[in-house]
Amino acid sequence: MQTKKLGINGIKIGLEAHCQLTALKTKLFCSCSANYRGKEPNTLVCPVCLGIPGSLPVLNLRAVESTIMVAFALNCKVSRRTFFFRKNYYYPDMSKNFQISQYDRAGGIPLSTDGNVYIHVDHKRKKINIRRVHIEEDPARLVYTGTIDTSPYTLIDYNRSGIALLEIVTDPGLSSPREARIFLQKLRSILEHLGVSDGGLEGAMRCDANISIVGGPRVEVKNISSFKEVERALNFEIARQKDLVSKGISVERETRHWDETRRVTISLRTKEEEHDYRYFPELDLIPINITKSWLTQLQSKMPELPDARRIRLIKQYGLPSYNAEVLTSDKSLADFFERCVKLGKAPKTVSNWLMTDVLRCLHDLNLELTEAKITPEQLVEMISLIEDGVISGKIAKMILWDMIKTGKSPRLIVEERGLVKISSREELESLIKQVCEENPKATEDALKDEKAIHFLIGKLMQKTRGRADPELVDKLIRTHLTLMKSRI
Amino acid sequence: MATQPCFLTAKEYIRKITTGEVSAMDCVSSVFERIRKVEDHVHSFITLTEEVALKKAREVDNKIIRGDRVGKLAGVPIAIKDNICTEGIRTTCSSQMLCNFIPPYDATVSQRIKEEDAVIIGKTNMDEFAMGTSTESSYFRPTHNPWELSRVAGGSSGGSAAAVAVGETILALGSDTGGSIRCPASFCSAVGLKPTYGLVSRFGLIAYANSLEQIGPITRDVYDCALLLSVIACYDPKDSTSVNMPQKDYTRFLANDVQGIKVGVPKEFFGVGTDPSVIKCLWNGIEKLEALGASYEEISLPNLAYSLPAYYLIAMSEASSNLARYDGVRYGFRVDRDDLDWSEAFSESRRIGFGTEVKRRIILGTYALSAGYYDRYYLKALKVRTLIRRDFEKAFRKFDVLIGPTMPIPPFEIGEKINDPLAMYMCDIDTVPINLAGCCGITIPCNFVNGLPIGMQIIGKPFDEEKILRVAYAFEQNTPFKNNRPSL
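Treat the numbers as computed from the prediction; the structure is a model and nothing was measured.

Could you give an account of the overall build of chain A, naming the residues involved and the relevant values?
Secondary structure summary: chain A contains 16 helices and 16 strands in total. Seen through its C-alpha atoms, chain A measures out along the principal axes to roughly 100 × 55 × 45 Å. The proportion of buried residues among the 488 residues of chain A is 40%. When contacts within chain A are restricted to residue pairs at least 6 apart in sequence, long-range pairs at least 24 apart make up 70% of them.

Before we move on, can you summarise the sheet that holds strand S15 (residues 280–281) of chain A with the specific residues and values?
Residue and element names in this part refer to chain A. Pairing in this open sheet of three strands is antiparallel, and the strands run S5-S4-S15 from one edge to the other. Single-partner strands in this sheet number two, and they are strand S5 (98–101) and S15. For strand S4 (residues 85–88) and S5, the ladder comprises four bridges, and the chain directions are antiparallel. Bridge pairing in S5 places Lys87 opposite Gln99.

Quick one: what's the story with the interface of chain A and chain B, residue by residue and with numbers?
Contacts between chain A and chain B engage 25 residues on the former and 35 residues on the latter. Tallied by class, residues from the side of chain A that touches chain B come to 15 nonpolar, five polar and five charged.

Account for the pairing of strand S10 (residues 164–170) of chain A, with residues named and values stated.
Residues and elements named next belong to chain A. The buried count for S10 comes to six of seven residues, which makes it a mostly enclosed element. As judged from the five bridges shared by strand S1 (residues 12–20) and S10, these two strands associate in the antiparallel manner. Within S10, the residue paired with Cys19 across the bridge is Leu166. Strand direction decides the pairing type here: strand S7 (residues 124–137) and S10, joined by seven bridges, are antiparallel. Within S10, the position partnered with Glu137 by the bridge is Ala164.

Now, about the domain arrangement of chain A: what can you tell me, with residues and values included?
Segmenting chain A into domains produces domain 1 (8–298), domain 2 (306–416) and domain 3 (425–487). Taking the mean C-alpha position of each, domain 1 of chain A and domain 3 of chain A sit 62 Å from one another.

How would you summarise the confidence of the model for chain B if you had to cite specific residues and measurements?
Residues at a pLDDT of 70 or more form 100% of chain B, whose mean pLDDT is 96. Among the scores for the predicted complex, ipTM is 0.95 and pTM is 0.90.

Residue-level account of the sheet that holds strand S6 (residues 171–176) of chain B, with values.
All names here are of chain B. Taken in spatial order, the eleven strands of this open sheet run S1-S3-S2-S6-S8-S7-S12-S13-S11-S9-S10, and their pairing is mixed. At either margin of the open sheet sits one strand with a lone partner, and together these are strand S1 (45–48) and strand S10 (295–299). Across the sheet, the mean angle from the axis of one strand to that of its neighbour is 30°, orientation sign disregarded. Alignment of strand S7 (residues 191–194) against strand S8 (residues 214–219), held across two bridges, turns out to be antiparallel. Bridge pairing links Gly192 to Ile218 in S8. The strands that helix H3 (residues 50–66) touches are S1 and strand S3 (119–124); relative to S3, the one it contacts most, it runs at about 160°. Docked against the sheet, helix H5 (residues 158–165) engages S1, strand S2 (77–81), S3, S6, S7 and S8, running at close to 155° with respect to S6.

Cut-offs and rules
- Residues numbered from 1 in each chain as written.
- Chains lettered and ligands numbered in written order.
- Predicted model: local features only at pLDDT ≥ 70, side-chain atom pairs only at ≥ 80, totals over all residues.
- Helix = DSSP H or I, 4+ residues; strand = E, 2+ residues; numbered from the N terminus.
- Buried ≥ 20, exposed ≤ 12 C-beta atoms within 10 Å, placed from the backbone.
- Contact = placed C-beta atoms within 7 Å.
- Pairing = 2+ DSSP bridges.
- Nonpolar A, V, L, I, M, F, W, Y, C, P; charged D, E, K, R; others polar.
- Domains from an automatic or database assignment.
- pLDDT = per-residue confidence, 0-100.
- Axes fitted to C-alpha atoms, helices over the stretch in contact; angles between N-to-C directions.

This is the structure we're talking about:
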């Protein structure tokens, strides 16, 4: 039966990622400041981005340069001549009721096309084809009270109107929500290595996804407001479509809206209600000629990208390929790593701490590394404390949480909380004595069976809140038990 | 009898003011006196700015008394078409949609004439959003032709042309998308020039069809036309379609000499529908030029036959997008009812805020850009446009200028064509090809038939304004029509 085969393999996902060029100082078509986050609403505006009658757009050439560099990084073909189109539709977030964008039909030429990116899924390399990378303007930000359905009014903040936005479109070559997430992570890392976009900023990277399950029609899911949400939204949508199919209901071709609060997709419009965007050339802007010398100049500005960096990390520091992959999937992580190594710590040790405990803490705290307060200097200090025998690895894991949250130095935390390792033989011996006296049954067992020793060690660790030097404890307990045995 | 100050040319006026013979205050006052006398019959203005004007006049007078440098248009009254933004002065586009719109900024041309010390006396009536040939589609009221009040002043810059002709101002600015400067100038026996696309900044001109339109001067004689053009023609980085050329003083090219000038006379300008009286006046004019030393030849521009449909398709398509921003959210007319959602509120604001002709063009333009029709209409119109441009290019390889009537008929009665859009559109047959081809064109008074003005159109190749001005100047110097005054 066909339905039984409905597995991961029948799934086709294509993404349309929208990434703000957050490194630009000004908007795409006017000289308003692009640094709108946290600013009083509607203060970074001018006649152009408000769509005041008579105003005209003037292209920010730096946005074109950033986009060309992104195109290089994604192995795209850069057009030698490109121009803008108007995408016409009415919506309250639009200042002109058309968006200045680019188009690949009706004679339009997007800035770049036909690229690819390799991602690593379960230790395998997979090629994802990029259809196009183009520039467009971000619409204004709509603010609802509650959700889109229930809000009695909508507020509009035009500070975001006209921010330079990249649109990066993939083929439907992704075959699971996880792959989609990994791809977007890679994309983000590439953009951050290029220094054109900071994916950690709220709303800086958003996406729409097209998804179909075996033979089914394509459903578009809009309003996925961060790359983190992608996996969740796509998992929901796959489950929904499978559920329909299992009930014998056919999936409809439609556009759905991801409701982040309720974590469901809701129908926005069906195929019949699709917008006709009436694309046509934006004649207020002249075509952009991209000369060879311009391309050469930009090519020379290309920084090291994640793939090259991964290979370098393997070669330079002897890291396992997997570690290098994880570290370079996030520019800030790779930077953090290299900084720690520069401060003199062993690459392997640093990479282990980052990849297991630091990442776990960040995940639990739902933080980006860039949002965390910990500095490379502090992680290095923490590793030194372990190496110098001041704290145990276990304590280190405990204080890491605090370091990430508060940015306090590990030494300070250790001192404040009295977490210095107990390495004094006398002190430990007396504690061992106490533990054995308090747990006579267990002590008896331990005398007969070595494995039971661990219970006593555990008790001791409990008593010292993990501060006891585990190696020394192990050694001393055994000595103590041998002594007891000899007395019997 | 000495000419009343309001009937002086700018050239005479500036001389009198700068030599202290008269004061700017007196002159501006006399213009407002004239306005008070005739405005009720003509309806040239939507907004008068007497207070600001008198203040500016006093400033200019003070500068002259102090011996400070004054601008090229020192103290000269100027009327501005109401689709050109003036900071702090209501700019309505003759539409209910913008009847409360006060621009927060100056159009580049407004800024330039202010810098040259011109005195803005008010904003002139026009067809709603410049869509019309008679100024009858104004939301406020039609403008009447000063030569015969029952007749139209032409359009869409009817207010500017009538005001110049009747002495309500000395200079005026209009805008020309398909004849909107030349038509009313011709109907009112004024001089009107449509500059080459890209010569004058469109920044601050409220768009109707942005790939076609230009701001240009309407004046009482050719010298003033050249003078005003010299002030407004300049490269503007705020308009990407503005061409970067050195600034010129066009008055320097005026010479009473057409010796050796080669004139092409396209037979398409004299086709069916052209009034015999117009044909007769034009041939008299051409023979006059021949007598002055020019030579002429009849030629054919075969693709001109398609210029009207191509023009209307392109203009309406662009208009449908350009006028999408009027939704009542940020400025302008708004239907504010709690029972409407955003989409209904947009529709309702547009239904009431726009007049019939504007809605007709938006609907037709939307249709032409729709999926499935784009190739058949919009793209085809663009191809025709290219063919027309080539016809002109070819003609200009042989001829210095082309000459034909500006309007195929003398000014018609108010109400005669307003309910017959096609008959109205037909009146643009001789003016739209120039916009499609991106050439420059000037209309000058060529004769009168039964007291009604007939205009001659002199067309030049792109950026050859100096030549059409020179031919126009020579014609004007050797004909008496400039000195005629309406009897009002």
